[in-house]
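The primary structure of each chain is shown beneath.
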Amino acid sequence: MSTLAERFNINSQIEHLQAKYVGTGHADLTKFEWLLNIHRDSYASYIGHHNMLAYFSVVQNESIGRVRYEFLQKMLLPCGIPPAAEGEEAATAE
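This is a predicted model, so every value here is computed, not measured. (Residues numbered from 1 in each chain as written. Predicted model: local features only at pLDDT ≥ 70, side-chain atom pairs only at ≥ 80, totals over all residues. Heavy atoms only, no water.)

K.L.:
Where do I start with the overall build of the protein in this structure?
P.N.:
Check the secondary structure of the protein and you find five helices and zero strands. Across the protein, helices and strands are ordered from the amino to the carboxyl terminus as α-α-α-α-α. Relative to its 94 residues, the protein shows a buried fraction of 13%. Restricting to contacts in the protein with at least 6 residues of sequence separation, those with at least 24 account for 46%. Put simply, the protein shows about 7700 Å² of open surface, and 59% of that area lies on carbon and sulfur atoms. (Helix = DSSP H or I, 4+ residues; strand = E, 2+ residues; numbered from the N terminus. Buried < 20%, exposed > 50% of the residue type's maximum accessible area, 1.4 Å probe, protein only. Contact = heavy atoms within 4.5 Å. Areas by Shrake-Rupley, 256 points an atom, 1.4 Å probe, with all protein chains shown as cover.)

Have a look at this one:
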């Protein structure tokens, strides 16, 4: 059985990871923010691994530099414009 001290230790470790690494998420993370992290991590991985970048360039019939540039541009807004927050919707509707 786990003791109260072990549970506290695990929770403090999780909080430390969430503070240190942005992509690990937290309880207040919205679906859009989660998707944003996933897409940016994916594009960063594709750019960082030359073989994946070469694969995408062959599939798209583009140069590696062009595909890298397109992926860098997609990292800016990978999921489109963020949806308005609930508080902002009420203010704009009036």
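Once you've had a look at it, read on.
K.L.:
Would you explain the environment of Ile47 in this entry?
P.N.:
Tracing the backbone through its elements, the reader meets Ile47 in helix α2 (residues 31-48). Leaving out residues up to four positions away in the same chain, Ile47 has contacts with Leu53, Arg68, Phe71, Leu72 and Met75.

K.L.:
In this structure, what is going on with the packing of α2 against helix α3 (residues 50-60)? I would like to understand it.
P.N.:
Axes are the key here: two packed helices are described by the angle between their axes and the distance separating the axes. Where α2 meets α3, the axes come as close as 5 Å, and the angle between the chain directions of the two elements is 95 degrees. Considering their axes alone, α2 and α3 lie roughly perpendicular with respect to each other. Listed contacts from α3 to Tyr46, Ile47 and Gly48 of α2 are His50, Met52, Leu53 and Phe56. Here the residues of the contact of α2 with α3 sort into five nonpolar, two polar and no charged. (Axes fitted to C-alpha atoms, helices over the stretch in contact; angles between N-to-C directions. Parallel < 35°, antiparallel > 145°, perpendicular 65-115°, else oblique. Nonpolar A, V, L, I, M, F, W, Y, C, P; charged D, E, K, R; others polar.)

K.L.:
Please explain the packing of α3 against helix α4 (residues 64-74) as it appears in this structure.
P.N.:
Where α3 meets α4, the axes come as close as 9 Å, and the angle between the chain directions of the two elements is 105 degrees. Of the possible angle classes, the one that applies to α3 and α4 is roughly perpendicular. Touching His50, Leu53, Ala54, Phe56, Ser57 and Gln60 of α3 are Ile64, Val67, Arg68, Glu70 and Phe71, all from α4.

K.L.:
For this particular structure, what's the right way to read the environment of Met75?
P.N.:
For Met75, the position within the fold is in the loop between α4 and α5 (86-93). Sequence-wise, Met75 and Ala44 are 31 residues apart; in three dimensions their C-alpha atoms are separated by 8.0 Å. In contact with Met75, other than residues within four places in its own chain, are Arg40, Tyr43, Ala44 and Ile47.

K.L.:
Sorry if this is basic, but what is going on with the side chain of Ser57 here?
P.N.:
Mapping Ser57 onto the fold places it in helix α3. In this structure the side chain of Ser57 is engaged in a polar contact, spanning 2.7 Å, whose partner is the backbone oxygen of Ala54. (Polar contact = N/O pair within 3.5 Å; in protein donor to acceptor, adjacent residues only side chain to side chain.)

K.L.:
Teacher, can you tell me more about unusual backbone geometry here?
P.N.:
Negative phi characterises most residues that are not glycine, and trans characterises most peptide bonds. In the Ramachandran plot, Asn61 falls in the positive-phi region, its phi being about 60 degrees despite a non-glycine side chain. With respect to the helices and strands, Asn61 occurs in the loop between α3 and α4.

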